[in-house]
Amino acid sequence: MKTILLSTAAIAMFAAAPAMAQSWPAPEYYGSLGYSHLEADGVDADLGAVTGRFGAKLTPYFGFEGEGSFGVRDDEVTIAGVTADIEHNYDLAAYGVAFLPVSPNFELFGRLGYGTTELEASAAGVTATADGESWNYGVGANYFFDGQNGVRGDWTRRDFEDDGGEADVWSVSYIRRF
C-alpha cells in the first residue's frame, strides 16, 4: 500500500511540474541607449553622457537592470576664483525596478539602486580624479511604438556617500524589447 501511495504521489508531482513551470512567466529582456544630462548640486557644470542599459522584467511588475555611462560633454567651472575643466568619465549602477503597466504600449516605473561615478577635474596643469558611490532612486516612463521599439524618459537622483553631495540625472533613450 505504501508503494502505491508513493508511486501515485511521485506521478502527481511530475505531472504538476510542467503546470508549475508555466505559471511563472519567462523574463522579458530589454536594452536602451541614449543621452543623460548630469546636474550636481552646488556645482554649475553642464555634463553629458551616453548611457546604455540592459534589464530583465521577471514579472510584469518587477525586474532588474544594469546601467553604464561614459561622458561625452565636459564643462568649465570656476570655484573660488580658479577655473577648472570638469569631465564625466563614467557611471556604473544596478537597480531593482518596479513597473506599472498603463497600457500594452505605455508603462511607468520606479527604480532603486547603487552605483559609482568618476569625475575628473583639471586646473593649472594639475589633474585630480574623484569617484564616489551613491544610492540612486528615480522614476520614468517607457512608450513603445510597436511591440518592441520605443522611447524611454527618466530622472534619477544620486545620493553620494560620505557627504559627497547629490546629483540629478535626466535621460532620454531608445528602448528595445527582446
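Residues numbered from 1 in each chain as written. Predicted model: local features only at pLDDT ≥ 70, side-chain atom pairs only at ≥ 80, totals over all residues. Heavy atoms only, no water.

Explanation requested: the overall build of the chain in the structure shown.
A tally of regular secondary structure across the chain gives 1 helix and 9 strands. Ordered by position from N to C terminus, the α and β elements of the chain give α-β-β-β-β-β-β-β-β-β. The proportion of buried residues among the 178 residues of the chain is 33%. Contacts in the chain between residues at least 24 apart in sequence constitute 55% of all its contacts with a sequence separation of at least 6. Total accessible area on the chain stands at roughly 10,300 Å², and carbon and sulfur atoms take up 66% of it. (Helix = DSSP H or I, 4+ residues; strand = E, 2+ residues; numbered from the N terminus. Buried < 20%, exposed > 50% of the residue type's maximum accessible area, 1.4 Å probe, protein only. Contact = heavy atoms within 4.5 Å. Areas by Shrake-Rupley, 256 points an atom, 1.4 Å probe, with all protein chains shown as cover.)

Is there a simple way to explain the pairing of strand 6 (residues 106-123) in this structure?
One face of the sheet, then the other: side chains in a regular strand alternate in exactly this way. Both strand 5 (residues 82-103) and strand 6 contribute to a ladder of 17 bridges, which runs antiparallel. Each bridged residue has a counterpart across the sheet, and for A98 the counterpart in strand 6 is G110. The hairpin formed by strand 5 and strand 6 contains 2 residues between the paired strands. Where strand 6 and strand 7 (residues 126-144) come together, 18 bridges link them in antiparallel fashion. Paired with E120 across the bridge in strand 7 is T129. (Pairing = 2+ DSSP bridges.)

Please explain the packing of aromatic side chains as it appears in this structure.
Aromatic ring pairs are reported here in terms of the distance separating the ring centres and the angle at which the planes meet. Counted under the stated rule, the structure contains 9 aromatic pairs. Ring centres 6.3 Å apart and planes at 85 degrees place the aromatic pair Y30 and F99 in the edge-to-face group. Taken together, the positions of Y30 in strand 1 (residues 28-40) and F99 in strand 5 put the pair 69 residues apart, joining distant regions of the chain. Both residues of the pair, Y30 and F99, count as buried. For the pair Y143 and F145, a centre-to-centre distance of 5.7 Å together with 75 degrees between the ring planes defines the contact as edge-to-face. A residue is classified by how much of its surface remains accessible, and F145, at 57% relative accessible area, is exposed. Ring pairing ties together the aromatic residues Y29, F54 and F178, which thus form one cluster. (Phe/Tyr/Trp six-rings, centres within 6.5 Å; stacked < 30°, edge-to-face > 60°.)

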